[in-house]
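Secondary and tertiary structure notes
Single-letter residue listing:
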Amino acid sequence: MALGVNVSSDNLDVGGFHNTTTSPQENCEKLGVNMSPIQVTMVLIHVSTLLIALAGNTLLILAFARMKQKIAVFIANMAASDLFVGVFLIPRLITREITRSNAFLVHGLGGLLLCKMSTFLSDVSLSVSTQNLILIAAERFLAVVYPFLYRKVTVRTRYVLIAVTWILAMALHSPYFYIFRLITHKKQNGTGTLFCVPSWEPAFSNGSAQLHYVTFLYVTVVFIPLLVVAILCLTTMIKLRRVDKMVTGLSENRARRKYEPLKSFPGFYNMMKPDTVHVND
């Protein structure tokens, strides 16, 4: 979640980074000198993650588009939501590692729109992904527990459910368009640094409103979906074990019935015993 940014002191500590008197722009101009080995490593990790996410999810979507039967639509939808994470979240992490600050580098109206949209879309994608986990688990549950009902689920129904996940995720995160804004933090030397931060004022009390909203998001976006997925997967696993035992029992009964007529032959039991070797003295 992108709601835990603090801009309350002169020596600003944002997201674990301690701001110095140098601005992000000055840090960028001195990248070859100021970047530590840890920073370089983290930047390379983020860049690699970005490239892998973009390439992997794009290939998955293209593979789905070429499928004749659109049965993997939920997985393709998850890949699409993961693309938003790669496009809107990871570049911010790279910028933060390079500048050693959460300062927002884009100013003006474009910066304000980017501030709202980047946080909104990156967190919406997380919500869509968790809802997709529910859909995938529910699909497996129906296929195992209620196979006849599963056959009635059409591709059109799947697309409708996907649309519902996006609409619900956007509704849950719609307050982002109000609370996220650009705030200029003035330093003692007179320079200002721009930050994209959440603020509920003046409509609500910032502290209590943010606490309640973050708690609400964690419950609805993380806790409830994971709980539902766990219940569905556990139920599916129990059903599969019962079916496996049933199939094993039927196989044993079938084998028993197969050899039942042979028991009337005198040599049957000798035939079923292991061969014995008689050694003459």
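Structural data are supplied above this passage.
To start, this report covers the structure provided alongside it. (Residues numbered from 1 in each chain as written. Predicted model: local features only at pLDDT ≥ 70, side-chain atom pairs only at ≥ 80, totals over all residues. Heavy atoms only, no water.)

A look at the pairing of strand β4 (residues 192-198)
Where burial is concerned, most of β4 is hidden: six out of the seven residues are buried. Across seven bridges, strand β3 (residues 180-186) lies against β4 in antiparallel orientation. Its bridge partner lying in β4, Arg 181 is registered against Val 197. (Buried < 20%, exposed > 50% of the residue type's maximum accessible area, 1.4 Å probe, protein only. Helix = DSSP H or I, 4+ residues; strand = E, 2+ residues; numbered from the N terminus. Pairing = 2+ DSSP bridges.)

Some words on the pattern of salt bridges
Under the criterion given, the structure shown has two salt bridges. Where Arg 140 meets Glu 139, a salt bridge forms, and the shortest distance between an N and an O atom there is 3.0 Å. Classification of Glu 139 as buried rests on a relative accessible area of 8%. Between Glu 139 and Arg 158 there is a salt bridge; the shortest N-O distance is 2.9 Å. On the criterion of sequence distance, the pair formed by Glu 139 in helix α5 (residues 108-145) and Arg 158 in helix α7 (residues 155-172) is long-range, its members being 19 residues apart. (Salt bridge = Lys/Arg side-chain N within 4 Å of Asp/Glu carboxyl O.)

Concerning the packing of helix α3 (residues 37-65) against helix α4 (residues 73-99)
Interaxial distance between α3 and α4 falls to 9 Å at its minimum, and their mutual angle equals 160 degrees. The angle between α3 and α4 falls in the class roughly antiparallel. For α3 against α4, the interelement crossing comes out left-handed. Along the lines of polarity and charge, the residues of the contact of α3 with α4 split into 20 nonpolar, six polar and two charged. (Axes fitted to C-alpha atoms, helices over the stretch in contact; angles between N-to-C directions. Parallel < 35°, antiparallel > 145°, perpendicular 65-115°, else oblique. Left-handed = near helix turned anticlockwise from the far one by under 90°. Nonpolar A, V, L, I, M, F, W, Y, C, P; charged D, E, K, R; others polar.)

Examining the packing of α4 against α7
Running from amino to carboxyl end, α4 crosses α7 at an angle of 25 degrees, the nearest separation of the two axes being 10 Å. Looking at the two axes, α4 sits roughly parallel to α7. Note on packing geometry: the crossing formed by α4 with α7 is right-handed. Residue-level contacts link Val 73, Phe 74, Asn 77, Ser 81 and Phe 84 of α4 to Arg 158, Tyr 159, Leu 161, Ile 162, Thr 165 and Trp 166 of α7. (Contact = heavy atoms within 4.5 Å.)

Thoughts on the nonpolar core
With 26 residues, the main nonpolar core has Phe 74, Val 124, Tyr 176, Ile 179, Phe 180, Tyr 213 and Leu 217 as its most contacted residues. Elements represented by at least two residues in this core include exactly α4, α5, α7, α8 (176-179) and α9 (206-259). The biggest single contributor to this core is α5, with seven residues. (Core = buried A, V, L, I, M, F, W, Y, C linked by side-chain atoms within 4.5 Å.)

Quick notes on unusual backbone geometry
Glu 201 connects to Pro 202 through a cis peptide bond whose omega is 5 degrees. Here Pro 202 shows up in the loop between β4 and α9.

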